[in-house]
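Next come the chains, spelled out residue by residue.
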Amino acid sequence: MPLACLTDFRALAQERLPKSTWDFIEGGADDSFTRDDNIAAFKRKLFVAEHRIRLRPRYLKNVVNVDTRTTIQGEEITAPICISPTGFHCLVWPDGEMSTARAAQAAGVCYITSTFATCALEDIAATAPRGLRWFQLYVHPDRQLSKQLVQRVESLGFKALVITVDVPKLGNRRHDIRNQLDLKLNLLLKDFYWLKERTSMPYFQMSPIDSSICWNDLSWLQSITRLPIILKGILTKEDAELAVKHNIHGIIVSNHGGRQLDDVLASIDALAEVVAAVKGKMEVYLDGGIRTGNDVLKALALGAKCVFLGRPILWGLAYKGEDGVKELLNIIKNEFHTSMALTGCQSVAEISQDMIQFSRL
């Protein structure tokens, strides 16, 4: 049976993966309330929700030639649907991040490679040389090691540096605790090298996260790279205003897929506050809960320049590797094209807040 939507890939991925791997991908923090609310917030099916986000279509408009293209940080993409940083792709497919990179290149969208990639950055760059790639960085306590990694990704043609800000400490992920998941015994990371030996070291031993990093450290990052810096994990106007003050180039509104702090706002619910706070001084993107073309349209109507997919990409990868990710991206891009046509939009630039309304339950 042909796959018709992103959730079709989810069922197939669950069938193919070991339980501990599936739980690692799908698990949220604590009660997983925020993980689930990320998706529900687009539809507002939860009985506690006060509003639903609904579309306001306009008709008798020429939509013969709908154009889904847009730009992020000055680079053109075929649709405002890109790939979030997720780690350990080799858990779900042998070629891991290389398959993901090739699929992103074929689809003409941006792929944010994770610090916790299980393929060497050189291999990822070589396998998709024309692809648009950003790099997600967890700052290492050894700043020299982080500096060398940043310089390395810049030399490999990555076009932006994405700093994840919501992991000063790993969230309380009950599924992984119950499964006694110990990635450092199963995987080797290729991103961080001991520079003398050039050998890979295990996960937590090699890649601790610096929990001391704060706003004043951003100037250090800006001093070691010419790449635009994006902050991933911002959820409040206060932090958005600080990002503007510190000359950041973009924000990804995200709660880490509900994997860090439970009971925070769904990403879509935090989006408007962040967009208003930056006052057009930087691009704002959204990560979390996107499952349909209508979800993409709603996010853009609320001010996102682009959305990023996390778990669904791993579903596609687990299903059929590179081809699975390409198929999944093609489905949601076609859904978004349909959503634009049925709401009367010829171009992404025509999408505005006038296209949505909040109706009471």
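The rules behind each value
- Residues numbered from 1 in each chain as written.
- Predicted model: local features only at pLDDT ≥ 70, side-chain atom pairs only at ≥ 80, totals over all residues.
- Heavy atoms only, no water.
- UniProt positions renumbered as here; feature names shortened; annotations may be inferred.
- Phe/Tyr/Trp six-rings, centres within 6.5 Å; stacked < 30°, edge-to-face > 60°.
- Helix = DSSP H or I, 4+ residues; strand = E, 2+ residues; numbered from the N terminus.
- Buried < 20%, exposed > 50% of the residue type's maximum accessible area, 1.4 Å probe, protein only.
- Lys NZ or Arg CZ within 6 Å of the ring centre and 35° of its normal.
- Polar contact = N/O pair within 3.5 Å; in protein donor to acceptor, adjacent residues only side chain to side chain.
- Contact = heavy atoms within 4.5 Å.
- Pairing = 2+ DSSP bridges.
- Right-handed = clockwise from strand over helix to strand, strands pointing away.

- Within an unreviewed UniProt entry, the label attached to the protein chain reads FMN hydroxy acid dehydrogenase domain-containing protein, and the organism entered is Felis catus.
- In its Cofactor (unreviewed entry) section, the UniProt record describing the protein chain reads: "FMN".
- Regarding the protein chain, the UniProt comment filed under Sequence similarities (unreviewed entry) reads as follows: "Belongs to the FMN-dependent alpha-hydroxy acid dehydrogenase family."

**Re the packing of aromatic side chains**
Part 1 of the reasoning: Inspection of the entire model under this criterion finds eight aromatic pairs.
Part 2 of the reasoning: With centroids separated by 6.0 Å and ring planes inclined at 80 degrees, the aromatic side chains of Phe135 and Phe158 adopt a geometry described as edge-to-face. You can see Phe135 sitting in strand S6 (residues 133-137) and its partner Phe158 sitting in the loop between helix H6 (143-155) and strand S7 (161-164), a full 23 residues away along the chain. With respect to burial, Phe135 and Phe158 carry one shared label: buried.
Part 3 of the reasoning: Among the aromatic side chains, those forming a connected cluster through ring pairs are Phe24, Phe88, Phe116 and Tyr138.
Part 4 of the reasoning: Positioned above the aromatic ring of Phe158, the side-chain terminus of Arg133 is 4.9 Å from the ring centre.
Part 5 of the reasoning: Above the ring of Phe24, the side-chain terminus of Arg259 is found at 5.0 Å from the ring centroid.

**Notes on the side chain of Glu154**
Part 1 of the reasoning: Looking at where Glu154 falls in the secondary structure, it is placed in helix H6.
Part 2 of the reasoning: Looking at Glu154, the relative accessible area reads 17%, which means it is buried.
Part 3 of the reasoning: Only 3.0 Å separates the side chain of Glu154 from the side chain of Arg226, close enough to count as a polar contact.
Part 4 of the reasoning: With residues near it in sequence (within four places) discarded, Glu154 still touches Ile224, Thr225, Arg226 and Leu227.

**A short note on the pairing of S6**
Looking along a regular strand, one sees the side chains alternate between the two faces of the sheet.
Part 1 of the reasoning: Taking burial as the measure, the five residues of S6 include five buried ones, the bulk of the element.
Part 2 of the reasoning: Side chains of S6 alternate between two faces, with Arg133, Phe135 and Leu137 and Trp134 and Gln136 buried alike.
Part 3 of the reasoning: Two strands pair when backbone bridges link them, and strand S5 (residues 111-113) and S6 are joined in this way by three bridges, in the parallel orientation. By the bridge assignment for S6, Ile112 is matched with Trp134.
Part 4 of the reasoning: Traced from S5 through helix H5 (residues 121-127) to S6, the parallel crossover comes out right-handed.
Part 5 of the reasoning: In the sheet, S6 pairs with S7 via three bridges, with the strands oriented parallel. Looking at S7, one finds that Phe135 is bridged to Leu161.
Part 6 of the reasoning: A crossover links S6 with its parallel partner S7, the connecting element being H6, and its sense is right-handed.

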